[in-house]
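Architecture and fold: a report
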Amino acid sequence: MAQLVGNDEIESPRSELIETGKSLRSSLQHHISSSRSSSELNSVKDDVDNELALWAKIDRLPTFERLRSSLFDESDGSKVDVQGKRVVDVTKLGALERQMFVEKLIKDIENDNLRLLQKMRNRVEKAGLELPRVEVRYKNLRVEAKCEVVRGKPLPTLWNSLKSIVFDCAKLPGLKSHESKITIIDEVNGIIKPGRASSLHLPSFEHIFHLFILFPQQVSGEVLYNGYKLEEFVPQKTSTYVSQDDLHMPTMTVRETLDFSARCQGVRSRAEIMAEVSRREKHAGVVPDPDVDIYMKAISAEGQRTTLQTDYILKILGLDICADIWVGDAMRRGISGGQKKRLTIGEMIIGPTKALFMDEISNGLDSSTTYQIVSCLKQLAHITNATILVALLQPAPEIFDLFDDIILMEGGKVVYHGPCSCVLEFFEDCGFKCPERKGVADFLQEVISRKDQAQYWNQAEQSWSYISVDLFCKKFKESTFGKKVDEDLSKPFTKSHSHKNAISFSKYSLSKWELFRACMSREYLLMRRISFIYVFQTVQLVINAFIAMTVFLRTRMGIDVNHANTYLGALFFSLLILFFDGIPEMAITVARLPVFYKQRDLYFYPAWSYTIASTILKVPLSLFAALIWTSLTYYVIGYSPEPGRFFRHSILLFALHFAATSMFRFLASISRTMVASFSAGFLSTLAIVLFSGFIIPKSSMPTWLKWGFWVSPLGYGDIGLAVNEFLAPRWQNTLAGNTTIGKEALENRGLNFGAYFFRLSVGGLLGLAILFNIGFTLALTFLNPPSSRVIISNEKLSRIEESEDSSSGADKDAKSKIYEKTMSKHHQDRLVLPFEPLTLVFQDVQYYIETPLEMRERGSTEKQLQLLCDITGALRPGILTALMGVSGAGKTTLLDVLAGRKTSGAIEGDIRIGGYPKVQETFARISGYCEQSDVHSPQITVGESIVYSAWLRLHPKIDSRTKFV
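Residues numbered from 1 in each chain as written. Predicted model: local features only at pLDDT ≥ 70, side-chain atom pairs only at ≥ 80, totals over all residues. Heavy atoms only, no water.

Quick notes on the overall build of the chain
The condition that has to hold: For the purposes of this entry, the term helix denotes a DSSP run of H or I that reaches at least four residues, the term strand denotes a run of E that reaches at least two, and both are numbered from the N terminus. Here, residues are in contact when the closest pair of their heavy atoms is within 4.5 Å. Using the Shrake-Rupley algorithm and a 1.4 Å probe, accessible areas are obtained, with residue cover drawn only from the displayed protein chains.
Tallying secondary structure elements over the chain gives 37 helices and 19 strands in all. Across the chain, every contact between residues at least 6 apart in sequence was considered, and the portion connecting residues at least 24 apart equals 77%. Roughly 48700 Å² of accessible area belongs to the chain as shown, and the carbon and sulfur atoms make up 57% of that amount.

Structural notes on the sheet that holds strand β16 (residues 840-850)
The test is simple: In this scheme, strands are said to pair when DSSP sees at least two bridges between them.
Strand order across the open sheet formed by four strands is β17-β16-β18-β19, with antiparallel pairing between neighbours. Whereas interior strands pair on both sides, the edge strands pair on one side only; in this sheet they are β17 (864-875) and β19 (916-917). By the bridge criterion, eight bridges tie β16 to β17 in an arrangement that is antiparallel. Residue phenylalanine 842 lies in a different strand from β17, and its bridge partner there is glycine 873.

What to know about the packing of helix α20 (residues 512-529) against helix α24 (residues 607-637)
To keep things clear, this is the line we draw: For helices, the fitted axis covers only the stretch in contact; all axes are lines through C-alpha atoms, and the angles between them, taken along N-to-C directions, range from 0 to 180 degrees. For classification purposes, an angle smaller than 35 degrees is called roughly parallel, one larger than 145 roughly antiparallel, one from 65 to 115 roughly perpendicular, and anything else oblique. Helix crossings get a hand from a simple test, with the near helix turned counterclockwise from the far one by less than a right angle marking a left-handed crossing and a clockwise turn marking a right-handed one. Charged residues are taken to be Asp, Glu, Lys and Arg, nonpolar residues to be Ala, Val, Leu, Ile, Met, Phe, Trp, Tyr, Cys and Pro, and polar residues to be all remaining types, Gly included.
Where α20 contacts α24, the two axes come as close as 8 Å, and the packing angle between them is 45 degrees. In this view, α20 runs oblique relative to α24, as classed from their interaxial angle. The interaxial crossing formed by α20 with α24 has right-handed handedness. Between α20 and α24, the residues in contact are Lys512, Leu515, Phe516, Cys519, Met520, Arg522, Glu523, Tyr524 and Met527 and Trp608, Ser609, Tyr610, Ile612, Ala613, Ser614, Ile616, Leu617, Lys618 and Leu621, respectively. Of the residues assigned to the contact of α20 with α24, the class counts are 13 nonpolar, two polar and four charged.

Let's talk about the confidence of the model for the chain
Rules: pLDDT measures how confident the predictor is about each residue, on a scale from 0 to 100.
Per-residue confidence for the chain gives a mean pLDDT of 84; residues scoring 70 or more make up 85%. pLDDT under 50 marks residues 77-81. Its contacts with residues more than four places away, or in other chains, come to three contacts.

Structural notes on the packing of aromatic side chains
Quick reminder of the rule: Put simply, two rings from Phe, Tyr or Trp (the six-membered ring, in Trp's case) pair if the centres are within 6.5 Å, and we call them stacked under 30 degrees between planes, edge-to-face over 60, tilted for the rest. Buried, partly exposed and exposed residues are distinguished by accessible area as a fraction of the type maximum, computed with a 1.4 Å probe on protein chains only: under 20%, between the cut-offs, and over 50%, respectively. Consider the ring centre and the ring normal. A charge sits over the ring if Lys NZ or Arg CZ is within 6 Å of that centre and within 35 degrees of that normal.
As enumerated under the stated definition, the model contains 43 aromatic pairs in all. Ring centres of tyrosine 416 and phenylalanine 426 lie 5.5 Å apart, and the angle between their planes is 35 degrees; on these two criteria the pair is classed as tilted. In this pair, tyrosine 416 is assigned in strand β12 (residues 413-419) and phenylalanine 426 in helix α16 (residues 423-429), connecting sequence segments ten residues apart. By the burial criterion, tyrosine 416 is buried, and phenylalanine 426 matches it. Between phenylalanine 426 and phenylalanine 427, the aromatic rings sit 5.1 Å apart at their centres with planes inclined by 75 degrees, giving edge-to-face as the arrangement. Across the pair, exposure class does not vary: phenylalanine 426 and phenylalanine 427 are buried alike. Grouped by ring-pair contacts, the aromatic residues Tyr416, Phe426, Phe427, Phe432, Phe443, Tyr456, Trp457, Phe472, Phe476 and Phe481 constitute a single cluster. Between the NZ or CZ atom of arginine 450 and the centre of the ring of tyrosine 466, over which it lies, the distance is 5.3 Å.

Brief notes about the pattern of salt bridges
Where we set the bar: What counts as a salt bridge is simple: a side-chain nitrogen of Lys or Arg found within 4 Å of a carboxyl oxygen of Asp or Glu.
All chains considered together, the criterion is met by 40 salt bridges. Across the pair arginine 600 and aspartate 601 runs a salt bridge, and its minimum N-O distance is 3.1 Å. Looking at aspartate 601, the relative accessible area reads 23%, which means it is partly exposed. Of the charged contacts in the structure, one is a salt bridge between arginine 645 and glutamate 642, with a shortest N-O distance of 3.9 Å.

Brief notes about the side chain of lysine 237
Its location among the elements puts lysine 237 in helix α8 (residues 235-238). Look past the residues within four positions of lysine 237 in its chain and what remains in contact with it is Cys264, Gln265, Arg268, Thr353, Ser504, Ser506, Lys507, Ser509, Leu602 and Tyr603.

Quick look at the environment of glutamine 372
Tracing the sequence through the fold places glutamine 372 in helix α14 (residues 367-384). Here the alpha-carbon distance between glutamine 372 and isoleucine 109, two residues 263 residues apart in the chain, equals 8.1 Å. Here glutamine 372 is in contact with Ile109 and Ile316, once residues within four sequence places are set aside.

Examining helix α13 (residues 337-349)
Stated formally: Helices are assigned an expected span. That span is 1.5 Å times one less than the residue count.
Helix length check: α13, at 13 residues, gives a terminal C-alpha distance of 19 Å against a target of 18 Å (1.5 Å per residue), a fit within 8%. Extensive coverage of α13 is indicated by the burial of 13 of its 13 residues.

Some points on the state of the cysteines
Stated formally: Disulfide: a pair of cysteine sulfur atoms within 2.5 Å of each other.
Using the criterion set out here, one finds zero disulfides in the structure. Cysteine 264 forms no disulfide, and the closest cysteine sulfur to it belongs to cysteine 519, at a distance of 5.8 Å. When its relative accessible area of 1% is taken as the criterion, cysteine 264 is described as buried. Exposure remark for cysteine 519: the relative accessible area of 3% places this residue in the buried category.

With respect to the UniProt feature "transmembrane region" (unreviewed entry) in the chain
Put simply, the rule reads: UniProt positions are given in the numbering used here, feature names are shortened, and annotations may be inferred rather than shown by experiment.
Annotation from UniProt places "transmembrane region" (unreviewed entry) at residues 532-553, 565-588, 608-637, 649-668, 674-696 and 756-783. The span residues 532-553 is 91% helical and 0% strand by assignment, and the distance between its end C-alpha atoms comes to 31 Å. A helix fraction of 88% and a strand fraction of 0% characterise residues 565-588, whose end C-alpha atoms lie 37 Å from each other.

A word on the packing of α24 against helix α25 (residues 643-671)
At a minimum axis distance of 8 Å, the contact between α24 and α25 shows a crossing angle of 135 degrees. Compared by their axis directions, α24 and α25 come out oblique. The crossing of α24 and α25 is right-handed. Split into classes, the residues belonging to the contact of α24 with α25 amount to 13 nonpolar, nine polar and three charged.

Points about the nonpolar core
Inclusion rule: Side-chain atoms within 4.5 Å link the members of a nonpolar core, which is a set of buried Ala, Val, Leu, Ile, Met, Phe, Trp, Tyr and Cys residues.
In terms of nonpolar packing, the biggest core is built from 158 residues, with Tyr225, Met358, Ile361, Tyr416, Phe427, Leu444 and Tyr605 touching the most fellow members. Ranked by residues supplied to this core, first place goes to α20 with eight residues. Counting 63 residues, the second largest nonpolar core, distinct from the first, contains Leu541, Leu578, Val762 and Ala769.

Concerning the pairing of strand β10 (residues 387-392)
Here is the rule: If you view a crossover with the strands going away from you and the path from the first strand over the helix to the second runs clockwise, you call it right-handed.
Counted residue by residue, β10 has six buried out of six residues, so it is predominantly covered. Of the two faces of β10, both are covered, the one formed by Thr387, Leu389 and Ala391 as well as the one formed by Ile388, Val390 and Leu392. When strand β5 (residues 197-201) meets β10, the two strands line up parallel, connected through five bridges. Within β10, the residue paired with histidine 201 across the bridge is leucine 392. Following the backbone out of strand β9 (residues 355-359), through α14 and into the adjacent parallel β10, one traces a crossover that is right-handed.

Some remarks on the side chain of arginine 592
As for its placement among the helices and strands, arginine 592 is situated in helix α23 (residues 584-601). Taking the relative accessible area as the measure of exposure, arginine 592 reaches 8% and is therefore buried. Contacts of arginine 592, omitting those with residues within four sequence positions, involve Met249, Glu523, Leu526, Met527, Ile530 and Tyr610.

Some words on a nonpolar patch on the surface
What counts here: Residues form patches when they are more than 30% accessible in relative terms and have no salt bridge. Like charges link within 9 Å. Nonpolar side chains (Val, Leu, Ile, Met, Phe, Trp, Tyr) link within 5 Å.
A cluster of nonpolar side chains, namely Val535, Val539, Ile543, Ile547 and Val551, defines an oily patch on the protein surface of about 420 Å² accessible area. Mapping isoleucine 547 onto the fold places it in helix α21 (residues 531-551).

What to know about the sheet that holds β5
In spatial order, the strands read β8-β9-β10-β5-β11-β12; together these six strands make up an open sheet with mixed pairing. Strands at the two margins of the open sheet, each flanked by one partner only, are β8 (239-242) and β12. On average, each strand axis in the sheet is inclined to that of its neighbour by 15 degrees, with strand direction left out of account. Taken together, the five bridges between β9 and β10 define a ladder with parallel strand orientation. Paired with leucine 356 across the strands is isoleucine 388, a residue of β10. Running over the sheet, α14 touches β5, β9 and β10 and is turned about 155 degrees from β10. Taken strand by strand, helix α18 (residues 469-478) contacts β11 (405-410) and β12, and its axis lies near 40 degrees from that of β12.

Next up, the structure:
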């Protein structure tokens, strides 16, 4: 991202560029003559001249092509080989070429990444351009959460929900409110400066990150980006938020996830900076570093489905080993938890934003990987002037030392905000000293804790008394560090000094057409990945078709009024089968909603691009289902044989299937949870079938209920199929009363409509489908993820208010003694449950899985992928054993194999329990496995979960009272 400076300021960098260009040949020749023999000198000079000729060829290209062309070196970089260099379009590099280039560019991640960033910055500065920077200020920030106060357990029971609805509807002046407010963040101030890596330390205060990028919160105070208020620009595009939650499409690979993120976030002003740098270097005759030129041009080219930036991020984060493996989830095998966390980081930093807010990025990562990631973030901050704030819970000492600034928070208040190098000085002024062999991060966590604070007291002449968070905050505001923050905040940031590309004022990085194309390609990919569902639906459809063909066989039915009812039953059965075939859309839509909400709120794409792509790609499926059903059943059942009626039959079934899938998607987007969507789907289906005109004929419906017939998709389907069949020539035999068999059959069912009603029925079904898809789009645009109302008991609210009002340490000391006395009493009441100690021994354990299709498509020839290789060990009773390894080493895989949780793949080796071969049926009764993923029933409390587990796992002879204890 670049900003043009004044003409006077350009002259110096431009002259420097010209001098650099003029001295290039002489410097190269001097280097060559000093290091080569005379026999090699001429050859090398020719190579250099050839290389310069290639660069001159690039400079003669039109601007658009010049910005996409560079000199690609196919050698490994260990020697000069001009014959191996060629002019390439950087946007058309193949997968193998991109991988080879990144491997050559980044061999040692920490050092080579630093070198690459430095070269890029030097190139931009020599061109007379400056990088944008973002300064974030927050003043008097306060967050209050509304909660409903109830008596007894704070659970969303039917009674509590009913009372809440009643009080919401009858809020009258003078009545006592059943709502209260809890302060989450209390009047915090500070500045997050560009070019410095800041750490948000101790509690996981996700709320402060939400404030910086305008996630829904009830806040007071203000947040400024380079002097702009949040309402004046688009903070979601100016900054990036990395959440704690690893939300990804489980059926996409790591590479595909990063490619889609890079495509949606776009290049923004990278293209502008590259164009200006290239123009000035061409004018000065400067030959750039080929590797840096390829990388900068590749990441600044727009409209790429796969980019070099993806391979770079994969390498930096150590995800290249699992690039072509599904992300997976609790039900699908995929990458490890640590790799998911790195993918979450990569998904955000792959974009061109200049401000990063990252919440608990170390969860699931080993210390070495965390150090490597934080080190790269520090390089990014220092070299590119990025603004970075990272929340870490008790980081390792070597990771803590990487940060420049620290924000120490407790209880929603800032205890310290300033340089990391001065934090110990601040606490020494408060009377606390960190021991020499104590990590600073551990010290900071414990020094503000009531339980651990006393051990760090360093004032021998004065006895220790607990210093509360409020007192620490007061001391900080009175200290030089607090005064420095206030002084900086008192100096307003002038908007005119802000880089024109630092703040984003547009919601989306791509044009509407490009956004639609991106969502379309991803939707097609996701449909391919769950093709089994569509294949299963087709098989189910074929089976139902054979059932229909045998039940309604044409040889058993004639052309008369009695058999007309059988034909009507066959038509209605066809409608039901095609209608119910759309039900799986609910589960598919609900499963994708969490990822959609995340990407929508980050402005990856608008809701309409997602819904239109999803709708269009479902049209062929509806058409295919209608053709399959009609082709199998139409002539076997014995409908009217005219080809035109056959195709009209297919068209109406297609319209019905399309309307059904649209309706179920709409219900899923409104309900937003699996349980609620299926409940809504069941009730809607019941009403639609009831008003279809078959169970209750239209003529038998009360006048005030006939509107239900005209809003039922099955009603339109029943009209269309009946009219198409019974107005055929073979049903036109005249009966008594000057009527035909067909008209008599239609009148008996209340479907006496003209032939033109077939077109109206098709139009009605397509109209309903359009309405459902419009509702689908509106629901995804305006509705947010479901969240339950915050409920708190009177007792807990009283404790919170008392803790906020209490400022002296004496009351808290008394409470601490009461707490310790209570806990010691609980310890005395502990029970020891009897069990038999067992030894677990495993020898030469191997685990294989089939090579993923994506890896085979990228050239892998192995049929099986080995994840565990010759693992041998023993776990003895009374010995605590630690299983260690870097992220992705196979720790979870080994635990899954030992616990018997693997349901696919091939397991080899010997596993014995107490000397006997392991039998999973009995082993499951004596073992417990704490998995990495936290899968729980969301509607029950923590205590209820534990009691339920105790009832299932403890021996039946243990009495109920003991189980509760």
